Amino acid sequence: MRRAAALAALLLLTGCATGPSLENRGAVTASPGDSKSLVIGTAGFTESDLLARMYALLLDHAGYRTSLLTVANRELYEPALESGQIDVVPEYAATFADWLNAKENGADAPPAGSPDLDATLRALRRLALPRGLAVLDAGRAVDQNAFAVTAAYAREHRLKTLSDLGASGLKVRLAAGDECVQRPYCAPGLRKTYGIDVTAVDPKGVGTTQAKRAVQNGTDQLVLTTTTDATLDSFGLVLLADDKRLQNADYVVPVVNRARAGGPGVAKALGKLTAVLTTADLASLDQQVDSWRRLPEDVARAYLRAKGLLSE
């Protein structure tokens, strides 16, 4: 794939920080476009980079010319997506819905994302369309908050779900970020939704090595991580199912600039990945880069070939 346009696009980002003006929104929501030269954005962390590379490889295979652009800050890459300096990005449905909602209606607006994927996508699309953005379909891959215990602890107390933990009456210390004390999906939600007796939050971060080791050695009993954390086995940890859907529907969704990449060609090419990618696949891909030190582009290409989406 070609990256020659990436530097030029990056240099232009400071000029698009506000996105399309209100006066121009009618124009940017006109007929869906199908530009043959597309910039794929990545937020710079492993999973986003892998998804962006798979998008680019599939679009190249479908006859588009692509380049990659890394912009780690959503405050920059989302306006660049609105203005057409970035054409496609991998996003997470509930998080992006809440982000656009806060941008449109203020930080105190009621959340747009929810545990219900269909409702979240409807809200996201309502928010995206006036900004000239189109949200493609979600598949099975989801990267959302999750909670883990040691496998031994789960066996001892017969735990498979967070409901099981609540019903057990066990007191637990939770290794997580310090914001967990107040966030509704974290300690307050565990108490309210599941009746879990969280006695304290140990501020060791979300899914960090330090946090997982604290649970591994028994200092804490529960750790906040994510559904695509592929390192859990190495710490002897297992996820407890979020059976009452406390967490929001952060399914992977491609978001595109409608005027440049909103046509059926892009949707068809990216839909091939959406149809096969699972949460377990995503965790494995992350692991290959983060733990096995394989190059993201090699991992992305090998996965697509294994799924029959790219020719050898």
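Higher on the page you've got the structure.
My aim in this report is to walk through the structure given alongside it, one point at a time. Only a predicted model underlies this, so the values are computations on that prediction, with no experimental measurement involved.

Focus: the sheet that holds strand 6 (residues 171–176)
Phase 1 of the analysis: If you trace the five strands from one edge of the open sheet to the other, you get 7-6-8-5-9, paired in mixed fashion. In the strand order of this sheet, the two ends are held by strand 7 (197–203) and strand 9 (237–240), each with one partner. Shown here is a sheet whose adjacent strand axes are inclined to one another by a mean of 40°, direction ignored.
Phase 2 of the analysis: With six bridges connecting them, strand 6 and strand 7 associate as parallel partners. Its bridge partner being in strand 7, Lys171 is matched across the sheet by Asp197.
Phase 3 of the analysis: Together, strand 5 (145–150), strand 6, strand 7 and strand 8 (222–226) form the strand contacts of helix 9 (residues 187–194), whose direction differs from that of strand 7 by roughly 165°.

Let's talk about the packing of aromatic side chains
Phase 1 of the analysis: The full count for this structure, using the stated rule, is one aromatic pair.
Phase 2 of the analysis: Measuring from centroid to centroid gives 6.5 Å for Phe45 and Tyr92, while their planes differ by 25°, and the two rings are stacked. Residue Phe45 is found in the loop between strand 1 (37–42) and helix 3 (46–61), and its partner Tyr92 is found in strand 3 (residues 88–92); the two are separated by 47 residues along the sequence.
Phase 3 of the analysis: The positively charged end of Lys36 is found above the aromatic ring belonging to Tyr64, 4.5 Å away from the centroid.

Section: helix 10 (residues 209–216)
Phase 1 of the analysis: Turning to helix 10, its buried residues are Ala211, Lys212, Ala214 and Val215. Seen from one end, helix 10 has its buried residues packed into an arc of 155°, which puts them on one side.
Phase 2 of the analysis: Along its buried surface, helix 10 packs onto strand 5, strand 6, strand 7, strand 8 and strand 9.
Phase 3 of the analysis: One or two residues past the end of helix 10 sits Gly218, with phi positive at roughly 90°.

As for the side chain of Gln221
Phase 1 of the analysis: Examined against the element boundaries, Gln221 turns out to sit in the loop between helix 10 and strand 8.
Phase 2 of the analysis: You can call Gln221 buried: its relative accessible area is 19%.
Phase 3 of the analysis: At 2.7 Å, the side chain of Gln221 forms a polar contact with the backbone nitrogen of Arg173.
Phase 4 of the analysis: Within the structure, Gln221 has its side chain in polar contact with the backbone oxygen of Gly218 (distance 3.4 Å).

Description of empty space enclosed by the protein
Phase 1 of the analysis: Within the structure shown, the criterion is met by two cavities of 30 Å³ or more.
Phase 2 of the analysis: Put simply, the largest cavity is a space of about 80 Å³.
Phase 3 of the analysis: Lining the largest cavity are Leu51, Tyr55, Gly139, Arg140, Ala141, Val252, Pro254, Leu273, Thr274 and Leu277.
Phase 4 of the analysis: At the level of secondary structure, the elements contributing two or more residues to the lining of the largest cavity comprise helix 3, strand 10 (252–257) and helix 12 (264–276).
Phase 5 of the analysis: Here the residues of the lining of the largest cavity are counted per class, giving seven nonpolar, two polar and one charged.

Reading the values: the criteria
- Residues numbered from 1 in each chain as written.
- Predicted model: local features only at pLDDT ≥ 70, side-chain atom pairs only at ≥ 80, totals over all residues.
- Heavy atoms only, no water.
- Pairing = 2+ DSSP bridges.
- Helix = DSSP H or I, 4+ residues; strand = E, 2+ residues; numbered from the N terminus.
- Axes fitted to C-alpha atoms, helices over the stretch in contact; angles between N-to-C directions.
- Contact = heavy atoms within 4.5 Å.
- Phe/Tyr/Trp six-rings, centres within 6.5 Å; stacked < 30°, edge-to-face > 60°.
- Lys NZ or Arg CZ within 6 Å of the ring centre and 35° of its normal.
- Buried < 20%, exposed > 50% of the residue type's maximum accessible area, 1.4 Å probe, protein only.
- Arc of directions from axis to C-beta.
- Polar contact = N/O pair within 3.5 Å; in protein donor to acceptor, adjacent residues only side chain to side chain.
- 1 Å grid on protein atoms, 1.4 Å probe; cavity = no way out; pocket = protein on both sides within 12 Å on 5 of 7 lines; lining within 4 Å.
- Points joined across faces, edges and corners; volume = space filled by probe spheres on them.
- Nonpolar A, V, L, I, M, F, W, Y, C, P; charged D, E, K, R; others polar.

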